[in-house]
Amino acid sequence: MLQTLPDYLAPKRILLLGFGREGQSTYQYIRSHFPTKELAIADQNPVSLQDDAYVTLHCGPGYLDVVNQYELVIKSPGISVKGLDIAPSVEMTCQLDLFLRFARCRVVGVTGTKGKTTTSTLIYSILQAAGMESCLIGNIGVPVFEDIEAADTMTAVVEMSSHQLEFASCSPHIAVLTNLYPEHLDHYNGFSGYANAKMNIARYQKAGDFFLCSEQPELHAFLDMDSLPSTVIKISEKKDTPFLRKLLYCNPHLKGEHNRQDIRFAAAAAQCLGASREAILQGIENFKGIEHRMEYAGEYRGIAFYNDAIATIPHAVLCAIDALENVDTLIFGGMDRGLDYASFEESLAASPVQNLIGLPETGHQILQELRTWGTGKNLIQAEDMQQAVQAAYRYTQPGKICLFSPAASSYNVYKNFEEKGRHFKALVRAYGEGAPEDA
């Protein structure tokens, strides 16, 4: 009889490292099976579990110092252990690793610097259209432990971040890697650490599995695809068939070549699962768009506003500008994580966008560089989102687009990109519906 996750956890001295949404989900799962098991939680922030006498709490600045006191550490995705000296006796794992090792359902894993949310959602939409029992979980907002006991008749579509894959020791049946660009460099030891975490999505595949990836040559530097026992399928942006052309242009929510590439990945993954062409087309047609990804936020005073808060790297911003075609104003900027913006600055200078509104920190730095070039563009430094939206209303031409697409993370001001995107939309609506014309 195969070992179950509760069997595996039962004898372990366990530390939950981080107690955000995923950490709390892990806690609830363990308590559902072991109500009185001794358990420890470590988090930089205070944790209150007064009704649980079997929990030891390690909170505050030194919370990482206790890692080596435990046998099994289940780490939350947002916590970096870069530079931490982890003892050989400690097993560092995470929800995703344990899910891949012990879940009975068939798993489709999707990762990539950009496109993973759209691709995951498209695959799930296709499976729904095909009548296949499925769930959409993972980095998209649903901790994987919520479906870890799903039956083997289920297909789990799991969006996987680099943080979740960092300690994965097992790979999904179908692995999708949409692309790879520099990101989260502050969390890892440079780009190689980030890329190698991503590659865990396919590194442990077996014969009979599938690995769908782009044709980017950089991928080969981090994974020897020729030695993989799985079937490697490269998804080309140049591939063109009558059926594929029909898929690529059937949904107005999926503008731009980057979204069309996501369609190619989703269709190929669905075909590996046995979905028919009819189900693939219906699933893509049913797609309603994703909040914060080139999301139409409304038209006010003749200006069309788009929220692309999920675009935290330059490449994603440039894709959005290209896809929307009529962008007059770009609001960008956020936390400085050490990304190289030189080529992004050149692309902005050459772009048709006339008004560049920069937010702290990176937006100010990019504007400062552009001022030395004499680009002829309207360069506006905003201290916060309110000033940025006010400037957008002041300078954007009616009939054109204002795009919020930050090319940076949000953590210098906001809890996450979702909070930043919703604040942008709220301000757009507030100034559009009731603010004076010179707001």
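Refer to the structure presented above.
Small disclaimer: the values here were computed from a predicted structure and weren't measured.

**Points about helix α10 (residues 314–324)**
So, step 1. For α10, the buried fraction is high: eight of the eleven residues fall into the buried class.
So, step 2. Along its buried surface, α10 packs onto α8 (257–272), β13 (303–307), β14 (327–332), α11 (342–350) and β17 (401–404).
So, step 3. In the segment just after α10, Glu325 is the residue with positive phi, at about 70°.

**Describing the packing of aromatic side chains**
So, step 1. Taken as a whole and assessed by the stated rule, the structure comprises twelve aromatic pairs.
So, step 2. Note on Tyr300 and Phe305: the rings are 6.4 Å apart at their centroids and 55° apart in plane angle, and the pair reads as tilted.
So, step 3. Given a relative accessible area of 0%, Phe305 falls into the buried group.
So, step 4. Here a set of aromatic residues connected by ring pairs shows up, and it is made of Tyr300, Phe305, Tyr393, Phe404 and Phe424.
So, step 5. The lysine or arginine in question, Lys12, covers the ring of Tyr8, its NZ or CZ lying 4.6 Å from the ring centre.

**Brief notes about the pairing of strand β2 (residues 39–43)**
So, step 1. Here β2 lies mainly inside the structure; five of its five residues are buried.
So, step 2. Burial along β2 is two-sided: the face carrying Leu39, Ile41 and Asp43 and the face carrying Ala40 and Ala42 are both buried.
So, step 3. Taken together, the three bridges between strand β1 (residues 14–17) and β2 define a ladder with parallel strand orientation. What sits directly across from Leu15, in β2, is Ala40.
So, step 4. Traced from β1 through helix α2 (residues 21–33) to β2, the parallel crossover comes out right-handed.
So, step 5. For β2 and strand β3 (residues 55–59), the ladder comprises five bridges, and the chain directions are parallel. Bridged to Ile41 within β3 is Leu57.

**Overview of unusual backbone geometry**
So, step 1. For the bond running from Pro360 to Glu361, omega is 0°, close enough to zero to count as cis.
So, step 2. For Glu325, which is not a glycine, the phi torsion comes out positive at approximately 70°.

**Here's the deal with the sheet that holds strand β5 (residues 91–93)**
So, step 1. Taken together, the five strands give an open sheet; going across it, the order is β3-β2-β1-β4-β5, and neighbouring strands pair in parallel fashion. A single partner strand is all that each edge strand has here, and the edge strands are β3 and β5. When the angles between neighbouring strand axes are averaged without regard to direction, this sheet yields 20°.
So, step 2. Here α2 sits on the sheet in contact with β1, β2, β3 and β4 (72–75), set at roughly 155° to β1.
So, step 3. Contacts from helix α3 (residues 95–102) reach β4 and β5, with the element oriented near 95° to β5.

Here is what the cut-offs are and how they apply
- Residues numbered from 1 in each chain as written.
- Predicted model: local features only at pLDDT ≥ 70, side-chain atom pairs only at ≥ 80, totals over all residues.
- Heavy atoms only, no water.
- Buried < 20%, exposed > 50% of the residue type's maximum accessible area, 1.4 Å probe, protein only.
- Helix = DSSP H or I, 4+ residues; strand = E, 2+ residues; numbered from the N terminus.
- Contact = heavy atoms within 4.5 Å.
- Phe/Tyr/Trp six-rings, centres within 6.5 Å; stacked < 30°, edge-to-face > 60°.
- Lys NZ or Arg CZ within 6 Å of the ring centre and 35° of its normal.
- Pairing = 2+ DSSP bridges.
- Right-handed = clockwise from strand over helix to strand, strands pointing away.
- Axes fitted to C-alpha atoms, helices over the stretch in contact; angles between N-to-C directions.

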